[in-house]
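These are the residues of each chain, in order.
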Amino acid sequence: QASPRDGSAAGDDRYSEVMLGRPPDEYAAWILDAEHWGGATELDILSRHYATELCAIDVMSGRVDCFGQGVGHAQRAMLLYDGIHYD
């Protein structure tokens, strides 16, 4: 799985302790626990890792959040979000 470690290992401070709310290695261990669900941070990481634009669509409000938009990815994936899976 891609994790915040992937970003910081490449010298990318985008996933800093300030942004994650805990040190990146601690956050990576936390998010890899099957009891936790990801969100915008993980979608951004996965978009970069797989060179794919990811769009999360909130089916309740119609809001669309896209990650990797405008950087030339040849692939796009749509994810439906119903408000239940985030913790």
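Residues numbered from 1 in each chain as written. Predicted model: local features only at pLDDT ≥ 70, side-chain atom pairs only at ≥ 80, totals over all residues. Heavy atoms only, no water.

Concerning the packing of aromatic side chains
Applying the stated criterion to the full structure yields 1 aromatic pair. A centroid spacing of 5.4 Å and a plane angle of 45° characterise the contact between tyrosine 27 and tryptophan 30, whose relative ring orientation is tilted. Remark: tryptophan 30 and tyrosine 27 occur in helix H3 (residues 24-31); sequence separation between them is 3 residues, near one turn of the helix. Given a relative accessible area of 25%, tryptophan 30 falls into the partly exposed group. Over the face of the ring belonging to tryptophan 30 we find arginine 22, whose NZ or CZ atom lies 4.8 Å from the ring centre. (Phe/Tyr/Trp six-rings, centres within 6.5 Å; stacked < 30°, edge-to-face > 60°. Helix = DSSP H or I, 4+ residues; strand = E, 2+ residues; numbered from the N terminus. Buried < 20%, exposed > 50% of the residue type's maximum accessible area, 1.4 Å probe, protein only. Lys NZ or Arg CZ within 6 Å of the ring centre and 35° of its normal.)

Considerations on the confidence of the model for the chain
With 83% of its residues at a pLDDT of at least 70, the chain reaches an overall mean of 83. Averaged pLDDT values over the elements of the chain bottom out at 51 in helix H1 (residues 4-9) and peak at 96 in strand E2 (residues 64-67). (pLDDT = per-residue confidence, 0-100.)

Considerations on the state of the cysteines
Enumeration according to the criterion identifies 1 disulfide in this entry. At a sulfur-sulfur separation of 2.3 Å, the disulfide partner of cysteine 55 is cysteine 66. Around the S-S axis, the bridge from cysteine 55 to cysteine 66 shows a dihedral of about 110° and counts as right-handed. Here cysteine 55, found in strand E1 (residues 52-58), pairs with cysteine 66, found in strand E2; they are 11 residues apart in sequence, far enough to count as distant. Judged by relative accessible area, cysteine 55 falls into the buried class, the value being 3%. (Disulfide = S-S within 2.5 Å.)

Points about the pattern of salt bridges
Throughout the structure, instances matching the rule amount to 3 salt bridges. With its nearest N and O atoms 3.3 Å apart, the salt bridge here joins aspartate 44 to arginine 48. Of this pair, aspartate 44 and arginine 48 both sit in helix H4 (residues 40-50), 4 residues apart, which is roughly one turn of that helix. Arginine 48 gets classed as partly exposed once you look at its relative accessible area, which sits at 41%. Here glutamate 53 makes a salt bridge to arginine 76, at a shortest N to O gap of 3.1 Å. One end of the pair, glutamate 53, is in strand E1; the other, arginine 76, is in strand E3 (residues 75-81), with 23 residues separating them in the sequence. Arginine 76 sits in the exposed class, given a relative accessible area of 55%. (Salt bridge = Lys/Arg side-chain N within 4 Å of Asp/Glu carboxyl O.)

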